[in-house]
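Chain by chain, the residues:
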Amino acid sequence: MGLATVNSDSPYLDGSKVKTGLNVGFVAGTQMVHGTPLYVEGGLYYTEKGGKSGSGSDKFTYNMNYLEVPLVLKYKFYPASNFTIEPFMGGYVSCGVGGKIKDFNNRAAYSSFGDKYADNFRRFDAGIKLGCGVGFDIFYLGASYDIGLANVGKDSFQDTHTGCFNLDFGINF
């Protein structure tokens, strides 16, 4: 599950109210040096970002769907033999694969990444990923935050950045 926002200087692209989305994928990791608790993890996610703005008929919803590739450095603490605490930090790159901007005032919807309108988003996003997870036997529960650093708005004079808080549940193989 992801709780996402889009923060922008542009009043047309600012979606600072939280939008809930899906975050699903897989991750693979490897120990950096044998005998140390440092791991490198990478993966592939389908993630839904965006945000909401306005109220009543002057309301917008921004849906941006991405394929995201994270790469993080993870440190695993072992307080018990079948329990781990796993803080991590790293980065991500994303490519937009779909989404809609819904304008409730004009009863219109258009592509989040299309070329037809000036007030939409660029496909490329990148940023920092920070978080912590816990493992118990084969189960994993994690929380992370993606801080978008790339300007995803098409207007180069106004900054537009994504942000997303993710809750992950997984099974370790």
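See the structure printed just above.
Residues numbered from 1 in each chain as written. Predicted model: local features only at pLDDT ≥ 70, side-chain atom pairs only at ≥ 80, totals over all residues. Heavy atoms only, no water.

Student: Break down the overall build of the protein chain for me, citing the residues and quoting the values.
Tutor: Summing up its helical and strand segments, the protein chain has zero helices and twelve strands in all. Starting at the N terminus and walking to the C terminus, you meet the elements of the protein chain as β-β-β-β-β-β-β-β-β-β-β-β. Looking at the protein chain as a whole, 40% of its 173 residues qualify as buried. Within the protein chain, counting contacts between residues at least 6 apart in sequence, those at least 24 apart form 57% of the total. Taken as a whole, the protein chain presents about 9400 Å² of accessible surface, with 63% of it coming from carbon and sulfur. If the 15 positive side-chain charges of the protein chain are averaged to one point and the 16 negative ones to another, these points end up 7 Å apart. (Helix = DSSP H or I, 4+ residues; strand = E, 2+ residues; numbered from the N terminus. Buried < 20%, exposed > 50% of the residue type's maximum accessible area, 1.4 Å probe, protein only. Contact = heavy atoms within 4.5 Å. Areas by Shrake-Rupley, 256 points an atom, 1.4 Å probe, with all protein chains shown as cover. Lys, Arg positive; Asp, Glu negative; His and termini not counted. Charge placed at Lys NZ, Arg CZ, Asp CG, Glu CD.)

Student: Account for the side chain of Asn63, naming residues and giving values.
Tutor: If you trace the backbone, Asn63 turns up in strand β5 (residues 58-75). Classification of Asn63 by relative accessible area gives buried; the value is 16%. Within the structure, Asn63 has its side chain in polar contact with the side chain of Lys19 (distance 3.5 Å). Aside from chain neighbours lying at most four places away, what touches Asn63 is Lys19, Lys49, Gly98, Gly99, Lys100, Lys102 and Ser112. (Polar contact = N/O pair within 3.5 Å; in protein donor to acceptor, adjacent residues only side chain to side chain.)

Student: So what about unusual backbone geometry? Which residues, and what values?
Tutor: In the Ramachandran plot, Arg107 falls in the positive-phi region, its phi being about 50° despite a non-glycine side chain. Checked against the element boundaries, Arg107 lands in the loop between β8 (100-103) and β9 (108-111). Looking at Arg107, the relative accessible area reads 77%, which means it is exposed. Here Asp137, not a glycine, exhibits a phi torsion of approximately 55°, which is positive.

Student: Describe the environment of Val97, with residues and values.
Tutor: The topology assignment puts Val97 in strand β7 (residues 83-98). Linking Val97 and Leu73, residues 24 residues apart in sequence, is a C-alpha distance of 27 Å.

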